[in-house]
Amino acid sequence: MDAKIGPLDVSKPPCSDVGSLPHNGTASTPLISSEWTLGRHLARRLVEIGATDVFSVPGDFNLTLLDHFIAEPGLTLVGCCNELNAGYAADGFARSRGVGACVVTFTVGGLSVINAIAGAYSENLPVICIVGGPNSNDFGTNRILHHTIGLPDFSQEMRCFQTVTCYQAVVNDLDHAHEQIDTAISTALKESKPVYISVSCNLPAIPHPTFSREPVPFSIAPRLSNHMGLEAAVEVAAEFLNKAVKPVLVGGPKLRVAKASGAFVELADACGYALAMMPSAKGLVPEHHPHFIGTYWGAVSTAFCAEIVESADAYLFAGPIFNDYSSVGYSLLLKKEKAIFVQPDRVVIANGPAFGCVLMKDFLSALAKRLKHNKTAYENYHRIFVPEGHPLKCEPNEALRVNVLFQHIQKMLSGDTAVIAETGDSWFNCQKLKLPEGCGYEFQMQYGSIGWSVGATLGYAQAAKDKRVIACIGDGSFQVTAQDVSTMLRCGQRTIIFLINNGGYTIEVEIHDGPYNVIKNWNYTGLVDAIHNGEGKCWTTKVRCEEELIEAIATATGEKKDCFCFIEVIVHKDDTSKELLEWGSRVSAANSRPPNPQ
């Protein structure tokens, strides 16, 4: 269903020169205001949709556009150290606010940011990626420009973005700029995917009559379920689940894009089933729900969760993504004939019928009214559950263990905090954290780009100023994107980063070890102190034992609670979670399957 943006029906001036008087010299047509510009319109649109912080790296093709962003009340331009981090920051901002934006320069900036945009695409995040493009007069000529690969064809960048954005707009004339910009932004919101907007560098400051008023508010046609399909899907699903003995519910990451987390909780409340979440959906449903049993991740699930899910005689998965990572090397013990798979606009029931044009939130809400209450699976979980033990108490000055570290991070969590988990062993350790009501949680599982968390932490903290962000980052990942600690300091953020220094790419070690997984050790606190350079509020420390960790956390949450805090935690290179050991061996087996016989 197409989005419709109310265009401004403004008559064109009687001559083609924008801002000119009529040729008869009379003043019957007023001059176009100097404020009626493309740059101002785009800036106001970003404020209107909630992308109030735009993450940028300047370049000669976008400088005039940046002037308009700076001039716009309600819009904050956040300068980043590189384009990749600007894209990651827009991703993190979108996770908190629902939409994010970044602006870079042509090709050298665009191709640098594209990895972050691909990650946002994989996670269904609406990110507006704006690029300052070549002068409009250069299109269609045979000129070769700087920041290109030396060909007169300027479409290379846009073609690269075609597979990682849901809409691309190359704005190189003013007559169509208004429509192109509004269509791009509305498409991002409607599809919940990134879009690409290239704006010629000579256009942002030129007045044009299509920008002559306050932007007409967006009017995006709502997506609706097919009523008959919805009724039929609910009827078949209710019959399927009501005859089951011990059914369960499992939430997946597409609950976010379907905006169906509330409907999923409504269903869980109504039916009484045991409730689990896939790892990439952690944080989308409150973990204090009375029937919550943990993370379902096959062999590396939280304790007793997989046993309940995989022994169920019926399971409803809402918004799942099954890939080699989430399936632990394709080792999940699930049977299609027992499953109902609910996607954002489609329901598939076991080996039976499929129903299209059925929105997830409508289906879950309607199903909640048709299911019999059945607590059998949760009662079975409660019957077999054994409270997890606590790590052995460390001896005085004993080398710190990772499980002890996360025991103390658990105690830091509240509704006023949010957790960002970097790709690596932090995935598995953070999965075991029990999130208090209101505590945010984000990680990037589908794309799994190491270094994502630094930029994402910057963006998330900029969006969620009411929360203190706690980021858990491995040393290998941190080396990829460390520079934008600088931007966190410039923005006055009070994030706490736990830098887990174990000497390399531990997640890769457990999949396939080799000398390439060992990295050069840095003095990480020294690096952050150098970046701080006496400007802003910053506190750093190294910890090697539990006593030092306790003292560091007390300082970070007490005396330094209004500072950016960087805690380097030094642990043994082989100190990994048992879940990573199991997961790594299974992913390794999947990766090393021999070719099928031809």
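Residues numbered from 1 in each chain as written. Predicted model: local features only at pLDDT ≥ 70, side-chain atom pairs only at ≥ 80, totals over all residues. Heavy atoms only, no water.

Observations concerning the UniProt feature "domain: Thiamine pyrophosphate enzyme central" (unreviewed entry) in the protein
Mapped onto the present numbering, the UniProt feature "domain: Thiamine pyrophosphate enzyme central" (unreviewed entry) falls at residues 235–351. Here residues 235–351 is 21% helix and 21% strand, with 16 Å between the C-alpha atoms at its ends. (UniProt positions renumbered as here; feature names shortened; annotations may be inferred. Helix = DSSP H or I, 4+ residues; strand = E, 2+ residues; numbered from the N terminus.)

As for the nonpolar core
Within the largest apolar cluster, 102 residues are counted, with the highest numbers of intra-cluster contacts made by F55, F406, F478, F498, F564, I567 and W583. Residues contacting F55, with those up to four places away along its chain left out, are V78, C80, A86, A89, A90, F93, A101, C102, V103, L458, G459 and Q462. (Core = buried A, V, L, I, M, F, W, Y, C linked by side-chain atoms within 4.5 Å. Buried < 20%, exposed > 50% of the residue type's maximum accessible area, 1.4 Å probe, protein only. Contact = heavy atoms within 4.5 Å.)

Things to note about the packing of aromatic side chains
Both the distance between ring centres and the angle between the ring planes are used here to describe each pair of aromatic rings. Under the definition given, this model contains 24 aromatic pairs. For the pair Y315 and F317, a centre-to-centre distance of 5.9 Å together with 80° between the ring planes defines the contact as edge-to-face. Of the aromatic side chains, those joined through ring pairs into one cluster are W297, Y325, W427, F428, Y441, F443 and W583. Over the face of the ring belonging to Y121 we find K193, whose NZ or CZ atom lies 3.9 Å from the ring centre. The positively charged end of K282 is found above the aromatic ring belonging to Y441, 5.4 Å away from the centroid. (Phe/Tyr/Trp six-rings, centres within 6.5 Å; stacked < 30°, edge-to-face > 60°. Lys NZ or Arg CZ within 6 Å of the ring centre and 35° of its normal.)

Here we look at the environment of F498
Along the chain, the position of F498 falls in strand β17 (residues 496–501). Between the C-alpha atom of F498 and that of F566, which follows or precedes it by 68 residues, the distance is 6.3 Å. The residues touching F498, leaving out its near neighbours within four places in the chain, are L405, I409, M412, I470, A471, C472, I473, L549, I553, I567 and V569.

Describing the pattern of salt bridges
Overall, the coordinates contain 19 salt bridges when judged by the stated rule. The partner of E287 in a salt bridge is K282, with the nearest N and O atoms 2.8 Å apart. The same class applies to E287 and to K282, which are both buried. Residues K573 and D574 are paired through a salt bridge, measuring 3.3 Å at the closest nitrogen-oxygen approach. Of the residues examined, D574 reaches a relative accessible area of 48% and is grouped as partly exposed. (Salt bridge = Lys/Arg side-chain N within 4 Å of Asp/Glu carboxyl O.)

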